[in-house]
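So the chains spell out like this:
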Amino acid sequence: MQLVEAGKVELDAPVQRYLPWFRVADPETSARMTVRHLLNQISGLPTLSGFATLADFDDRPDATERQVRALSRLKITHPVGSVVQYCNLNYVILD
């Protein structure tokens, strides 16, 4: 939220504005998902997929980017913005 207050991030901007390479399995979903969706846990990212990131102890400098790039085949479980569903991946992407 400090970045929002500083005018560097817009909550309703697509994630791809900040991470142009961000993708999930569906291209339309990838383009529509916003920062707000991630923060509010309404992105549609599946809870179980988020658990895998907890087991990834990779601490190399590019670890987070590699985790997010690996989402390119991930299917969401609900339409973006429709259901609150906690998933650690939301915060990994925001990291």
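The structure this text deals with has already been given above.
None of these values were measured; they are calculated from a predicted model. (Residues numbered from 1 in each chain as written. Predicted model: local features only at pLDDT ≥ 70, side-chain atom pairs only at ≥ 80, totals over all residues. Heavy atoms only, no water.)

## Digging into the packing of aromatic side chains
This structure, assessed with the given rule, holds one aromatic pair. Judged by centre distance (6.2 Å) and plane angle (50°), the rings of Tyr-86 and Tyr-91 are tilted. On the accessibility criterion, Tyr-91 (38% relative accessible area) is partly exposed. (Phe/Tyr/Trp six-rings, centres within 6.5 Å; stacked < 30°, edge-to-face > 60°. Buried < 20%, exposed > 50% of the residue type's maximum accessible area, 1.4 Å probe, protein only.)

## Thoughts on the layout of surface pockets
Empty space within the largest pocket amounts to approximately 370 Å³. In terms of lining residues, the largest pocket is bounded by 18 residues, among which Leu-3, Val-9, Ile-93, Leu-94 and Asp-95 are the most central. Where the lining of the largest pocket is concerned, the elements lending two or more residues are α1 (2-5), α2 (15-18), α4 (35-39), α6 (63-69) and α7 (88-94). For the lining of the largest pocket, a count of residues per class yields 15 nonpolar, one polar and two charged. (1 Å grid on protein atoms, 1.4 Å probe; cavity = no way out; pocket = protein on both sides within 12 Å on 5 of 7 lines; lining within 4 Å. Points joined across faces, edges and corners; volume = space filled by probe spheres on them. Helix = DSSP H or I, 4+ residues; strand = E, 2+ residues; numbered from the N terminus. Nonpolar A, V, L, I, M, F, W, Y, C, P; charged D, E, K, R; others polar.)

## Regarding the nonpolar core
Grouped together as the largest cluster of nonpolar side chains are 15 residues, with contacts concentrated most on Val-15, Phe-22, Leu-45, Leu-71 and Ile-93. With residues up to four places along the chain from it excluded, the contact list for Val-15 reads Phe-22, Met-33, Thr-34, Val-35, Leu-38 and Ile-93. (Core = buried A, V, L, I, M, F, W, Y, C linked by side-chain atoms within 4.5 Å. Contact = heavy atoms within 4.5 Å.)

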